[in-house]
Amino acid sequence: MCEVTIFEVGPRDGLQNEEKFVDTDIKIELINRLSETGLKKIEVTSFVSPKWVPQMADAAEVMGGINRNPNVAYSALTPNLIGMEKAIASGVDEVAIFAAASETFSKRNINCSIEESLQRFIPVMAMAREHNIAVRGYVSCVTHCPYDGEIAPSDVAQVSEALLKLGCYEISLGDTIGKAAPGDIKALLKVLLTSIPVEKLALHCHDTYERALVNITAGLDMGIRTFDSSVAGLGGCPYAKGASGNVASEAVLEMLNEQGISTGVDLEKLNDVASFIKNKLK
Ligand code: HMG
Ligand code: MG
């Protein structure tokens, strides 16, 4: 059957919300272990303001400390030029810029309006181009916002198209607070697919209401082939009240394996990594 990419975001989206600072050595060991499971994409950290997200303050140490598997692309979030400069200096393979489909979330998360964020990304993209670094784009709150309520698919389309026009290779659609139902995902994709090729889209599901797997199934039905997830289901966004962890990578993998969909990821190895990090965070 088809092939799917699991984009592992646990070390970033998973750990960013941990209240107690997770030692840099543990983060590095987590990423090293994930690198040996067959995953091809790992989001390692964020080069964001340490005042905003103290858990990611060791971004450069983490990037610099990991053993690089040549089969893995290591990525990091970069909200602005300061973050981009630091990410490049640390040797990332790719970066992600992050916007939102909801004005209030944008303000709370990155302290600017959606339009301001798009302006801010222009020099970030120029720097990425100069250094030959691929850029992924996130759009948060694609169906629901913790502050503004329901979000219209046309708003998501507008931001997604703008990010693609800026040069992002892919848009990851964030169900930031896990409120989407499969019908919402299908309705959203139906609109987006009128102007965006399906291979440019990924789904990023949080599992707050335990609907992530059925939402992923809805995405699969509509042709999506890249899904973000966090090992052990870690995480959440510090600026989205009610956002719990991402869907667990091992649960996504198990579901895909059952359907005969290949990912190249070893379930036993991934389960071992999940046990490792659960033990460390106890
Ligand atoms: P600001 O306060 O407006 O920024 O924050 P500023 O430019 O005015 O700078 C303020 C201070 O921060 C200055 O330092 C800067 O140097 C410093 P000071 O002079 O006060 O000492 N600074 C930085 N330091 C390190 N790295 C940087 C950086 N930038 C400025 N990159 C800013 C604006 C965007 C920086 C801030 O709002 C921020 O860092 N936000 C990040 C929030 C975040 O990481 N949220 C979680 C990730 S998004 C998410 O989880 C959703 C996602 O998973 C998808 C989904 O689920 O929907 C992706
Ligand atoms: Mg997220």
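In this numbering scheme, every chain counts its residues from 1 along its sequence in written order. For this description, chains carry letters from A and ligands carry numbers from 1, given in the order in which they are written. Reporting of local features is limited, given that this is a predicted model, to residues whose pLDDT is at least 70; pairs of side-chain atoms are given and counted only at 80 or more, and all residues count toward the totals for whole chains, interfaces and linings. Working from all heavy atoms in the structure, the side-chain values ignore hydrogens and water.

## Description of the coordination of the magnesium ion (ligand 2)
- Protein coordination of the magnesium ion (ligand 2) is provided by Asp-13 (OD), His-204 (NE2) and His-206 (NE2), with donor distances spanning 2.0 to 2.3 Å.
- Each metal's donors are the N, O and S atoms within 2.8 Å of it, or within 3.2 Å when it is Na, K or Ca, and because water is not part of the set, sites may look incomplete. Read N to C, the donor residues that coordinate the magnesium ion (ligand 2) are spaced as D-x190-H-x1-H. Remark: His-204 occurs in strand E9 (residues 201–205) and Asp-13 occurs in helix H1 (residues 10–14); sequence separation between them is 191 residues. Of the two residues examined, Asp-13 and His-204, each falls in the buried class. Counting from the N terminus, the helices are the DSSP runs of H or I reaching at least four residues and the strands are the DSSP runs of E reaching at least two. Exposure categories follow from relative accessible area, calculated using a 1.4 Å probe and restricted to protein chains: below 20% of the type maximum is buried, above 50% is exposed, and the middle band is partly exposed.

## Some details on the site of ligand 1
- Throughout this document, a residue counts as near a molecule or strand when at least one of its heavy atoms sits within 4 Å of that molecule or strand. What surrounds ligand 1 is a group of 28 residues, the closest being Gln-16, Lys-51, Asn-111, Ser-140 and Thr-176.
- Counted as a polar contact is a pair of N or O atoms within 3.5 Å, where, for protein atoms, one must be capable of donating a hydrogen and the other of accepting one, and residues adjacent in sequence contribute only when both atoms are in side chains. The contact in question runs from an oxygen atom of ligand 1 to an N or O atom on the side chain of Lys-51, over 2.7 Å.
- Measuring from an oxygen atom of ligand 1, one finds a side-chain N or O atom of Asn-111 at 2.8 Å.
- Accessible surface area values rest on a Shrake-Rupley calculation with a 1.4 Å probe, where residue burial reflects the displayed protein chains alone. With the chains in place, 75% of the 1100 Å² that ligand 1 exposes on its own is no longer accessible.
- Considering each element in turn, the shell around ligand 1 owes the most residues, 3 residues, to helix H4 (residues 81–90).

## Concerning the packing of aromatic side chains
- Two rings from Phe, Tyr or Trp (for Trp, the six-membered ring) form a pair when their centres sit within 6.5 Å of each other. Planes less than 30 degrees apart are called stacked, planes more than 60 degrees apart edge-to-face, and all others tilted. For the coordinates displayed, the defined rule picks out 0 aromatic pairs.
- One Lys or Arg, Arg-108, reaches over the ring of Tyr-147 and ends 4.3 Å from the middle of that ring.
- One residue, Arg-136, lies across the ring of Tyr-138, its end atom 5.4 Å from the ring centre. For a Lys NZ or an Arg CZ to count as sitting over a ring, it must be within 6 Å of the ring centre and within 35 degrees of the ring normal.

## Quick notes on the nonpolar core
- Side-chain atoms within 4.5 Å link the members of a nonpolar core, which is a set of buried Ala, Val, Leu, Ile, Met, Phe, Trp, Tyr and Cys residues. If you look at the biggest cluster of nonpolar residues, it comprises 86 residues, and the most contacted ones within it are Val-156, Leu-163, Leu-173, Leu-192 and Val-231.
- Top contributing element to this core by residue count: helix H6 (residues 114–130), with 7 residues.
- Residue contacts are counted whenever heavy atoms from the two residues lie within 4.5 Å of one another. Residues in contact with Leu-192, not counting those within four places in the same chain, are Pro-153, Val-156, Ala-157, Leu-173 and Leu-201.
- Phe-7, Phe-98, Ile-110 and Cys-112 belong to the second largest nonpolar core, which has 8 residues in total.

## Some thoughts on the pairing of strand E3 (residues 73–77)
- Within E3, 5 of the 5 residues are buried, leaving the element largely enclosed by the surrounding structure.
- Of the two faces of E3, the one carrying Ala-73, Ser-75 and Leu-77 and the one carrying Tyr-74 and Ala-76 are both buried.
- Classification remark: right-handed applies to a crossover when, strands pointing away from the viewer, the course from the first strand over the helix to the second runs clockwise. Considered for its hand, the β-α-β crossover made up of strand E2 (residues 41–46), helix H3 (residues 59–65) and E3 is right-handed.
- Sheet topology note: the E3/strand E4 (residues 94–100) ladder contains 3 bridges and is parallel. By the bridge assignment for E4, Ser-75 is matched with Glu-94.
- For the handedness criterion, the β-α-β arrangement of E3, H4 and E4 is classed as right-handed. Pairing between strands is defined by DSSP: at least two bridges between the two strands are required.

## A short note on unusual backbone geometry
- Backbone geometry places Asn-111, a non-glycine residue, at a positive phi of 65°.
- Along the chain, Asn-111 falls in the loop between helix H5 (103–110) and H6.
- Backbone geometry at Glu-210 places phi at a positive 55°, although glycine is not the residue there.
- Relative accessible area serves as the criterion here: at 70%, Glu-210 is assigned to the exposed category.

## Description of the sheet that holds E2
- Ordered in space as E1-E2-E3-E4-E5-E8-E9-E10, the 8 strands form a closed barrel in which the pairing is parallel. Between one strand axis and the next, the sheet turns by 25° as a mean value, whatever way the strands run.
- In this analysis, axes come from line fits to C-alpha atoms, helices being fitted only over the stretch in contact, and the angle between any two N-to-C directions falls in the range 0 to 180 degrees. Together, E4 and strand E5 (134–140) form the strand contacts of H6, whose direction differs from that of E4 by roughly 170°.

## Comments concerning the state of the cysteines
- Disulfides are defined in this document as cysteine sulfur pairs within 2.5 Å. Applying the stated rule across the entire model yields 0 disulfides.
- Here Cys-112 is not cross-linked by a disulfide; its sulfur's nearest cysteine counterpart is in Cys-141, at 14 Å.
- Unpaired in this structure, Cys-141 has its nearest cysteine sulfur neighbour in Cys-145, at a distance of 4.3 Å.

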